[in-house]
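If you want the building blocks of each chain, they are given just below.
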Amino acid sequence: MSVRRAIGIGILAFLLPFLWHTGRQWWEWIRSPEAEKEASCEYNLKALWLLSRKVSHLYRFPFPPPFKAVKAYVEKRPSILMTRQIAEYLGLGKLEGAYWTFDAILVCAKDPKYLLKMAQMAQDLDYHPSYQWHPDAKTLAYCPYCRLAVLMHGKLEKR
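Residues numbered from 1 in each chain as written. Predicted model: local features only at pLDDT ≥ 70, side-chain atom pairs only at ≥ 80, totals over all residues. Heavy atoms only, no water.

Quick word on the overall build of the protein chain
When you go through the protein chain residue by residue, the secondary structure sums to six helices and six strands. Counting from the amino terminus, the protein chain carries its helices and strands in the arrangement α-α-α-α-β-α-β-α-β-β-β-β. Split into buried and exposed, the 159 residues of the protein chain put 35% on the buried side. Long-range pairs, those at least 24 residues apart, make up 44% of the contacts in the protein chain between residues at least 6 apart in sequence. (Helix = DSSP H or I, 4+ residues; strand = E, 2+ residues; numbered from the N terminus. Buried < 20%, exposed > 50% of the residue type's maximum accessible area, 1.4 Å probe, protein only. Contact = heavy atoms within 4.5 Å.)

Let's talk about the nonpolar core
L45, M82, L90, F102, I105 and Y131 are the most contacted members of the largest nonpolar core, which has 38 residues in total. Those elements giving two or more residues to this core turn out to be α3 (41-59), α4 (67-76), α5 (84-90), β4 (139-143) and β5 (148-151). When residues of this core are assigned to their parent elements, the largest contribution, nine residues, is made by α3. Apart from residues lying up to four places away in sequence, F102 is in contact with Y43, A47, L50, L51, V74, I80, M82 and L90. (Core = buried A, V, L, I, M, F, W, Y, C linked by side-chain atoms within 4.5 Å.)

Examining the pairing of β5
Burial of the side chains of β5 extends over both faces: L148 and V150 are buried on one face and A149 and L151 on the other. Where β4 lies against β5, four bridges are found, and the strand directions are antiparallel. Bridge pairing in β5 places T139 opposite L151. The loop that links β4 with its antiparallel partner β5 comprises four residues; one of these, R147, has a positive phi angle of about 55°. Of the pairings in the sheet, the one linking β5 to strand β6 (residues 156-158) comprises three bridges and is antiparallel in character. Opposite A149, over in β6, you have E157 as the bridge partner. Between β5 and β6, which pair antiparallel in sequence order, lie four residues; one of them, G154, sits at a positive phi of approximately 100°. (Pairing = 2+ DSSP bridges.)

Some details on the environment of A69
Here A69 shows up in helix α4. Between the C-alpha atom of A69 and that of V55, which follows or precedes it by 14 residues, the distance is 7.3 Å.

Thoughts on the packing of aromatic side chains
The geometry of an aromatic ring pair comes down to the distance between the two centres and the angle between the two planes. Tallied over the full model, the rule gives three aromatic pairs. Pairing Y59 with F61 gives two aromatic rings, centres 6.3 Å apart and planes at 55°, and the pair type is tilted. What makes F61 partly exposed here is its relative accessible area of 32%. Above the ring of Y89, the side-chain terminus of K46 is found at 5.4 Å from the ring centroid. (Phe/Tyr/Trp six-rings, centres within 6.5 Å; stacked < 30°, edge-to-face > 60°. Lys NZ or Arg CZ within 6 Å of the ring centre and 35° of its normal.)

As for unusual backbone geometry
Here the residue pair F63 and P64 is connected by a cis peptide bond, since its omega of 0° sits within 30 degrees of zero. Phi at D124 is positive, roughly 60°, even though this residue is not glycine.

Digging into the side chain of S52
Inspection of the secondary structure puts S52 in helix α3. Those residues within four positions of S52 in sequence are excluded, and the remaining contacts are F63, P65, V70, W133 and L140.

Here it is in structure tokens:
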């Protein structure tokens, strides 16, 4: 057996199980209900309202807080303990008692520049969020791509 053949068999012996395991985990994650929730604009806007309330409370800002403060809080990636009320509000009931981070809530999946913004976010570069912040007196944030808005009191509204 030549050295090249042994190296090739060794690489295949490593890559095939690695790709099988990684691909299976990726497939399970893609088909999970949490992945669908996280990619939806409804989840993002609800989480944005929730974090806005938290930022207002933590830093003693009047509600709604400045968008820069909310964006800085999201970019720090702090985890929040999911209480029963928070988990039910976000539609993630089985995560009660777990710590959860809200990484990609500022970008809508229907945004034409979604992949670019996700790449910029992953590399800690500056990016513009998909949502319009406080477009009118009764709206906290509005998504022009989904035409969905979260109101000041936390309810979602289709426009």
